[in-house]
Amino acid sequence: HAEPDRIAQCLDHVFGAPSLSAPLESRAAIGPLEARVELELASELETEREPERGDRLEAATAQLVTSLLEEAEAAGASDVHFESRREELAVRYRVEGELHGTTALARTWVQPVLARLKQLANLDVGERRLPQEGKFKAELRGQTVDLRVATAPTLHGESAVVRILDCGRRLQELGQLPFDERQRADLERLIAGGGLVLAAGPSGHGRTSTLYALLQRIDACRRKIVTVEDPVEDQLTGTVQLHVNGRAGFTYARAVRAALAQDPDVLLVGDLRDLETAEVVLQAALAGKLVFSTLHAPGAAEAITRLADMGLEPYLIADALRGVVAQRLVRRLCAHCRRMEPPSREIAARLAPVALPDRVPAAVGCEGCGWSGFRGRIALYEVLAADARLWDAIRLSGPAQRLRELARGEGFTTLREDGIAKALAGETTLDEVYAATARG
């Protein structure tokens, strides 16, 4: 029989008290789970053998991980952060671009929780010295979702981030996205022929949603559409979709070649991650196919120079490129509690080149938005449609600033300008816009 002190010590180590500081209301769902499993373990710990205790801990860990992921899905989170700290395993959710308060679990949860995540993502459970990435599907609150897991060794043990890829995500048509009339007209022209169309911006800011909206403008009955993605984020009717599998050797570059062998008229490549993939994509665009892809870049002009930085020849970029749409997501003001108030001195100074309104929108907070003042997100865009002058500048390896100046001469508006217009229309705040467009 185990000593009572030993039982208490074991339970203290394995089941930490949850933090009450987290702002998410569904936190209550986890506390009872931990308490119930703790009571079950306490009542049977003395009579069970070591393998049985291990099985019970494994089952409890599976329940806890599922509960945390379901809580995140219910809150509309895009990511769940499991962070190993000196004295705890911290769990945080990213909702609408913002990280929400810490749920603190006992430090001894680190190994079982990380092992469970690795097991689900088919990773090497015993490897703790190197980062790993994987993905899996899970049934959360009756809905099947795709999740991506990335682990990393840190100072106090392994940490992980789980991305909920299709949480709250729905296919939108081009007309539903907040482009202005000129931007929408430019996009319609970009998809009329062949060539390369890029969506630029950080991950998680709606680039793929924009490309999917553009794909839906194309007649899939008369043109063959093939996508190469990692993972496939949504099923598109009438489209052949290839799923990249690096572990099996089906890399992006190999998948793009396989896609081209399917005789597509339109090709979507989820991400230009390396020079080999970029070269294949560029050749497809030069062959007259309409090619969509995403790229990590702070703006439309910078996306073009990023292609050159990857090692592509400027004259090939100029010959292939049709245009770039860059975007950022900012928090949308809650429609129930937003209000207009006089601009601060700082805002007035920033708006100096713009006609200063008497009042600007401000976040207040109410029960409906969780007292944050925001509910949902809205996209800011800049659409750069290539023309003869721009192509000439690209061939001469013109810097991003030069490309932007040429585009502005044709009516191009920057992310910040688009954001200011949306803020003054009451969609978001100017602080949100300036924070998201620090490049200017």
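These figures come from a predicted structure and were not determined experimentally.

Novice: Before we go on, may I ask you to explain the pattern of salt bridges in this structure?
Specialist: Side chains bearing opposite charge may pair, as long as their charged atoms lie close to each other. Within the structure shown, the criterion is met by 23 salt bridges. Across the pair R217 and E188 runs a salt bridge whose closest N-O atoms are separated by 2.7 Å. Here the residue R217 occupies a position in the loop between α6 (207-215) and β8 (225-229), and E188 occupies one in helix α5 (residues 181-190), the gap between them amounting to 29 residues. Close ionic contact of R395 with D392 constitutes a salt bridge, the shortest N to O distance being 3.2 Å. In this pair, R395 and D392 both sit in helix α12 (residues 388-395), 3 residues apart, roughly one turn of the helix. The class for D392 is partly exposed, based on a relative accessible area of 43%. Three or more residues are tied together by salt bridges with common partners; here these are E83, R85, E88 and R92.

Novice: Even after reading the chapter, I still don't get the confidence of the model for the protein, so can you show me in this structure?
Specialist: Parts of the prediction with low pLDDT should not have their coordinates interpreted in detail. Summary statistics for the protein give a mean pLDDT of 85 and a share of 85% for residues scoring 70 or more. Note on residues 35-40: pLDDT is under 50 here. Beyond four places in sequence and across chains, it has 7 contacts. Here residues 42-48 scores under 50 on pLDDT; set against residues more than four positions off or in separate chains, the count is 9 contacts.

Novice: I tried to follow the sheet that holds strand β9 (residues 239-243) on my own but got confused; where do I start?
Specialist: Consider a sheet: its strands pair through backbone hydrogen bonds, and that pairing is either parallel or antiparallel. The strand order β9-β8-β10-β11-β7-β12-β15 describes an open sheet built from 7 strands, whose pairing is mixed. Both outer strands of the open sheet, β9 and β15 (374-385), are each paired with one neighbouring strand and no more. Direction aside, neighbouring strands of the sheet carry axes that sit 20° apart on average. One ladder, built from 10 bridges, connects strand β12 (residues 321-333) with β15; its direction is antiparallel. Within the sheet, the bridge partner assigned to Q327 lies in β15 and is Y381. Across the sheet, α6 is in contact with β7 (195-200), β8, β9, β10 (266-269), β11 (290-295), β12 and β15; its angle to β11 comes to roughly 165°.

Novice: How should the sheet that holds strand β1 (residues 77-84) be read in this particular structure?
Specialist: The strand order across the open sheet built from 6 strands is β3-β2-β1-β6-β5-β4, with neighbouring strands paired in antiparallel fashion. Each edge of the open sheet carries a strand with a single partner, namely β3 (98-106) and β4 (132-140). Pairwise comparison of adjacent strand axes, ignoring direction, gives a mean angle of 20° for this sheet. Relative to strand β2 (residues 88-95), β1 runs antiparallel, the two sharing 7 bridges. Looking at the pairing, S84 lines up with L89 of β2. In the packing of helix α4 (residues 110-120) onto the sheet, the strands contacted are β1, β2, β3, β4, β5 (143-154) and β6 (157-164), and the crossing angle to β6 comes to about 45°.

Novice: Would you mind showing me how to read α4 here?
Specialist: Note that an α-helix has 3.6 residues per turn; residues three or four places apart therefore point the same way. Those residues of α4 not exposed but buried are V110, V113, L114, L117 and K118. Relative to the axis of α4, the buried residues are bounded by an arc of 135° and lie together on one face. Directly beyond the C-terminal end of α4, a positive phi value near 60° is found at N122.

Novice: How should I be thinking about the nonpolar core in this particular structure?
Specialist: Most often, soluble globular proteins have nonpolar side chains that are buried together. Core analysis: the biggest nonpolar cluster contains 47 residues, and L196, V228, I304 and L307 have the highest contact counts within it. Tallying contributions element by element places helix α8 (residues 275-286) first for this core, with 6 residues. Excluding its chain neighbours within four sequence positions, the residues that come into contact with I304 are I317, L321, V324, L384, L390, I394 and L403. Listed in part, the 30 residues of the second largest apolar core include L64, F82, F136 and V149.

Novice: So what exactly am I meant to see when it comes to the packing of helix α7 (residues 252-260) against α8 here?
Specialist: The relative placement of two packed helices is expressed as an angle between their axes plus a distance between the axes. Here α7 crosses α8 at 20°, and the two axes come no closer than 8 Å. Comparing their axes, α8 and α7 come out roughly parallel. The way α7 lies across α8 gives a crossing that is left-handed. Between α7 and α8, the residues in contact are Y252, A253, V256, R257 and L260 and E276, T277, V280, V281 and A284, respectively.

Novice: Just checking my understanding: could you explain the environment of F250 for this structure?
Specialist: Of note, F250 is situated in the loop between β9 and α7. The residues contacting F250, other than those within four sequence positions of it, are L242, H243, V244, N245, A255 and A258.

Novice: Sorry, what's going on with the side chain of D79 here?
Specialist: Structurally, the position occupied by D79 is in strand β1. Relative accessible area serves as the criterion here: at 4%, D79 is assigned to the buried category. A distance of 2.8 Å separates the side chain of D79 from the side chain of S78, its partner in a polar contact. Beyond its immediate stretch of four places on either side in the chain, D79 contacts R92, Y93, R94, V161, V162 and R163.

Novice: It is not clear to me how unusual backbone geometry should be interpreted in this structure. Could you clarify?
Specialist: Residues other than glycine predominantly adopt negative phi, and peptide bonds predominantly adopt the trans conformation. Positive phi outside glycine occurs at R141, with the angle close to 55°. With respect to the secondary-structure elements, R141 resides in the loop between β4 and β5. R141 gets classed as exposed once you look at its relative accessible area, which sits at 53%. In this structure, D263 is a non-glycine residue whose phi angle is positive, near 55°. By secondary structure assignment, the location of D263 is in the loop between α7 and β10.

Novice: Hey, could you run me through the packing of helix α9 (residues 300-309) against helix α13 (residues 400-408) in this one?
Specialist: At a minimum axis separation of 8 Å, α9 and α13 run at an interaxial angle of 135°. Relative to α13, α9 is oriented oblique. Between α9 and α13 lies a crossing of right-handed hand. Note on element contacts: α13 touches α9 through A400, L403 and R404, opposite A301, E302, I304 and T305. The residue inventory of the contact of α9 with α13, partitioned by class, reads 4 nonpolar, 1 polar and 2 charged.

Novice: Would you explain the packing of aromatic side chains in this entry?
Specialist: To describe a pair of aromatic rings, you give the distance between the ring centres and the angle between the ring planes. By the definition in use, this model includes 1 aromatic pair. Ring centres of F179 and Y381 lie 3.8 Å apart, and the angle between their planes is 25°; on these two criteria the pair is classed as stacked. Taken as a pair, F179 in the loop between β6 and α5 and Y381 in strand β15 lie far apart in primary sequence, 202 residues in all. Sitting over the ring of F374, R331 keeps its end group 4.0 Å from the ring centre.

Criteria and thresholds
Residues numbered from 1 in each chain as written. Predicted model: local features only at pLDDT ≥ 70, side-chain atom pairs only at ≥ 80, totals over all residues. Heavy atoms only, no water. Salt bridge = Lys/Arg side-chain N within 4 Å of Asp/Glu carboxyl O. Helix = DSSP H or I, 4+ residues; strand = E, 2+ residues; numbered from the N terminus. Buried < 20%, exposed > 50% of the residue type's maximum accessible area, 1.4 Å probe, protein only. pLDDT = per-residue confidence, 0-100. Contact = heavy atoms within 4.5 Å. Pairing = 2+ DSSP bridges. Axes fitted to C-alpha atoms, helices over the stretch in contact; angles between N-to-C directions. Arc of directions from axis to C-beta. Core = buried A, V, L, I, M, F, W, Y, C linked by side-chain atoms within 4.5 Å. Parallel < 35°, antiparallel > 145°, perpendicular 65-115°, else oblique. Left-handed = near helix turned anticlockwise from the far one by under 90°. Polar contact = N/O pair within 3.5 Å; in protein donor to acceptor, adjacent residues only side chain to side chain. Nonpolar A, V, L, I, M, F, W, Y, C, P; charged D, E, K, R; others polar. Phe/Tyr/Trp six-rings, centres within 6.5 Å; stacked < 30°, edge-to-face > 60°. Lys NZ or Arg CZ within 6 Å of the ring centre and 35° of its normal.

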